[in-house]
Amino acid sequence: MACSNDVSTLAEEIRLRKKTRFRSAGRLMSLAEESPEQTIEILRELSGDPLPRIILGITGAPGSGKSLLAGRMIAAFRECYPDKVIGVIAVDPSSSISGGAILGDRIRMMQHASDPNVFIRSIASRGQTGGVTLGTMGIISVMGVLGCDMVIVETVGVGQMEFAVKEVADMVAIVMAPGQGDTMQFLKAGMMEIGDMFIINKADRSDFSQFFAQLKNALSLLGRSAKNPVLAVSARDNTGLSELFFVVEKFFARDHLLWEISRKERLELLIQRAIFSEFQKRLKNVLEEKEQDLLKNILEGGTSLSFAVESLIEKLK
Ligand SMILES: Nc1nc2c(ncn2[C@@H]2O[C@H](COP(=O)(O)OP(=O)(O)OP(=O)(O)O)[C@@H](O)[C@H]2O)c(=O)[nH]1
Ligand SMILES: [Mg+2]
């Protein structure tokens, strides 16, 4: 059988629920991961298709239990809504440090591998955020056509990815746990500002109560806990999950039109970033060729800065 790479053919195979739709969806997701140009083509093609009702971002300190929690959420979701479809996107930082964690994620989620109502996709962040977030948006829209009601985007809490999750998710949950390093460090890093909800995991641990109280206190000092729910859960023991779903549902109960507006605004921002980054890339190439002459001319007064900029833009045409 011929394997098409044509975006509209692939999308149509999914819409018509053809047998090949899972392979086509995988192909579209790979295209989205490969380049912003292809992602935009996918987003354009799928602009009339439904997006997942819920796009939930999960981020937080490494080792706080995000992956185990995402796995538990899949199981709980499938149990509550047997006919609904759920997707998970795990954004890997692709560093040697977390290599083990990535493998761990795959193994932990393997139990859902044969469930046709669960889609799991790992994408590599390769230290970049801009391209990844647009690509993630492309993957989310493919999951929408596959019928996903909810998509969870899990990002490891290192580098800039934890902030970038805000650009693709409607709601961001920050996961924290006792024994995961300095909490104040985390607070200072500005992580609290992006959280719509705080999940304090590992409630089964003996040092949990103290940690929970400390954190609630810190959050209220920041004026966060009044507006944003703080939940105690144990991914290990499967406790607190129903409160978690309750909070998520409540958050998404607002008028769907408002979601559409904020999603559109976020998408415009992501495309703007893609334009900047493409522009920067091309400019860098041109600059590399001309740099020495240009710098010399500017330094020696042969050319002004603005003339240099204009001549570079001319070269880009
Ligand atoms: N006691 C206890 N351990 C937990 C709980 N949730 C997760 N863990 C353990 O914490 C460790 C890290 O869990 P992960 O789910 O890999 O954490 P993560 O946040 O995805 O980690 P990274 O992907 O590396 O950022 C594992 O050993 C889990 O078994 C919990 O509720 N209680
Ligand atoms: Mg993980």
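Numbering of residues starts from 1 in every chain and runs along the sequence as written. Ligands are numbered from 1 and chains lettered from A, in the order in which they are written. pLDDT decides what is reported in this predicted model: residues at 70 or higher carry local features, side-chain atom pairs at 80 or more are listed and counted, and totals for whole chains, interfaces and linings draw on all residues regardless.

**Digging into the overall build of the protein chain**
- In terms of regular secondary structure, the protein chain is built from 13 helices and seven strands.
- Exposed residues have 12 or fewer other C-beta atoms within 10 Å of their own C-beta, buried residues have 20 or more, and partly exposed residues fall in between, where C-beta atoms are placed from the backbone. Counting only residues that meet the buried cut, the protein chain has 37% of its 317 residues in that class.
- Contact between residues is assigned whenever the C-beta positions, reconstructed from backbone atoms, fall within 7 Å. When contacts within the protein chain are restricted to residue pairs at least 6 apart in sequence, those whose partners lie at least 24 apart make up 77%. Going along the chain from the N terminus, every DSSP run of H or I of four or more residues is numbered as a helix, and every run of E of two or more is numbered as a strand.

**Notes on the confidence of the model for the protein chain**
- pLDDT: the predictor's confidence for each residue, scored from 0 to 100. Residues at a pLDDT of 70 or more form 85% of the protein chain, whose mean pLDDT is 85.
- Taken element by element, the predicted model of the protein chain shows its lowest mean pLDDT in helix H5 (residues 99-109) (46) and its highest in helix H1 (residues 7-15) (96).
- Counting contacts from residues 95-105, a segment whose pLDDT is below 50, to residues more than four positions away or on other chains yields nine contacts.

**Some thoughts on the sheet that holds strand E4 (residues 148-155)**
- Within the open sheet, the seven strands sit side by side as E3-E2-E4-E1-E5-E6-E7. Their pairing is parallel. Single-partner strands in this sheet number two, and they are strand E3 (118-124) and strand E7 (230-232). Averaged over all pairs of adjacent strands, the angle between strand axes in this sheet comes to 20°, irrespective of strand direction.
- Pairing geometry for strand E2 (residues 85-92) and E4, over seven bridges, is parallel. Residue valine 91 lies in a different strand from E4, and its bridge partner there is threonine 155. We treat two strands as partners when DSSP finds at least two bridges between them. Fitting a line to C-alpha atoms yields each axis, with helices limited to the stretch in contact; the angle taken between N-to-C directions then spans 0 to 180 degrees.

**Examining H1**
- All buried positions along H1 are accounted for by Val7, Leu10, Ala11, Glu13 and Ile14. Along H1, the residues classed as buried sweep out an arc of 155° about the axis, all on the same side.
- Following H1 by one or two positions, arginine 17 adopts a phi angle in the positive range, close to 55°. Throughout, the arc means that of the directions going from the helix axis to the C-beta atoms.

**A few points about the pairing of strand E6 (residues 197-200)**
- Across four bridges, the pairing between strand E5 (residues 171-176) and E6 is parallel. When the sheet's bridge partners are listed, isoleucine 174 is paired in E6 with phenylalanine 198.

**Here we look at the packing of H1 against helix H3 (residues 36-45)**
- Where H1 meets H3, the axes come as close as 10 Å, and the angle between the chain directions of the two elements is 45°. Classed by the angle they form, the pair H1 and H3 counts as oblique. Relative to H3, the crossing made by H1 is right-handed. Touching Val7, Ser8 and Ala11 of H1 are Glu41, Ile42 and Glu45, all from H3.
- When residue character is reported, Ala, Val, Leu, Ile, Met, Phe, Trp, Tyr, Cys and Pro are called nonpolar, Asp, Glu, Lys and Arg charged, and the others, Gly included, polar. Within the contact of H1 with H3, the residues separate by chemical class into three nonpolar, one polar and two charged. Angles are sorted into four bins: roughly parallel if under 35 degrees, roughly antiparallel if over 145, roughly perpendicular if 65 to 115, and oblique for all others. By convention the crossing between two helices is left-handed if the near helix lies anticlockwise of the far one by an angle smaller than a right angle, and right-handed if it lies clockwise.

**Focus: the nonpolar core**
- Any nonpolar core is a set of buried residues, restricted to Ala, Val, Leu, Ile, Met, Phe, Trp, Tyr and Cys, that join up through C-beta atoms within 7 Å. Leu28, Leu56, Val142, Leu146, Val151, Ile152 and Val153 are the most contacted members of the largest nonpolar core, which totals 72 residues.
- Ranked by the residues each element gives to this core, the list is headed by helix H6 (residues 130-145), at eight residues.
- For leucine 146, the contacting residues outside a window of four places in its chain are Ile14, Ala25, Val85 and Phe119.

**Quick notes on the packing of helix H12 (residues 256-300) against helix H13 (residues 305-316)**
- Remark: H12 packs on H13, axes separated minimally by 10 Å, with the N-to-C direction vectors making an angle of 145°. When you trace H12 past H13, the crossing you get is right-handed. Contact with H12, carried on its side by Arg282, Leu283, Val286, Leu287, Leu294 and Ile298, involves Leu305, Ala308, Leu312, Lys315 and Leu316 of H13 and no other residues of that element.
- When grouped by side-chain class, the residues that make up the contact of H12 with H13 number nine nonpolar, no polar and two charged.

**Some words on the environment of serine 8**
- Tracing the backbone through its elements, the reader meets serine 8 in helix H1.
- Judged by the 13 C-beta atoms lying within 10 Å of it, serine 8 is partly exposed.
- Along the backbone, serine 8 and leucine 28 are 20 residues apart, and their C-alpha atoms lie at a distance of 9.8 Å.

**With respect to H12**
- Considering bend angle alone, the principal kink of H12 is centred on lysine 290 and spans about 65°.
- Burial analysis of H12 places just two of its 45 residues in the buried class, a small minority of the element.
- Directly after H12, the chain includes glycine 301, whose backbone phi takes a positive value near 85°. To obtain the bend at a residue, axes are fitted to the seven residues ending there and to the seven starting there, and the angle between these axes is taken.

**A look at the environment of isoleucine 74**
- One can find isoleucine 74 in helix H4 (residues 66-80).
- A count of 23 C-beta atoms within 10 Å places isoleucine 74 in the buried class.
- A C-alpha to C-alpha distance of 9.9 Å links isoleucine 74 and valine 151, two positions 77 residues apart in sequence.

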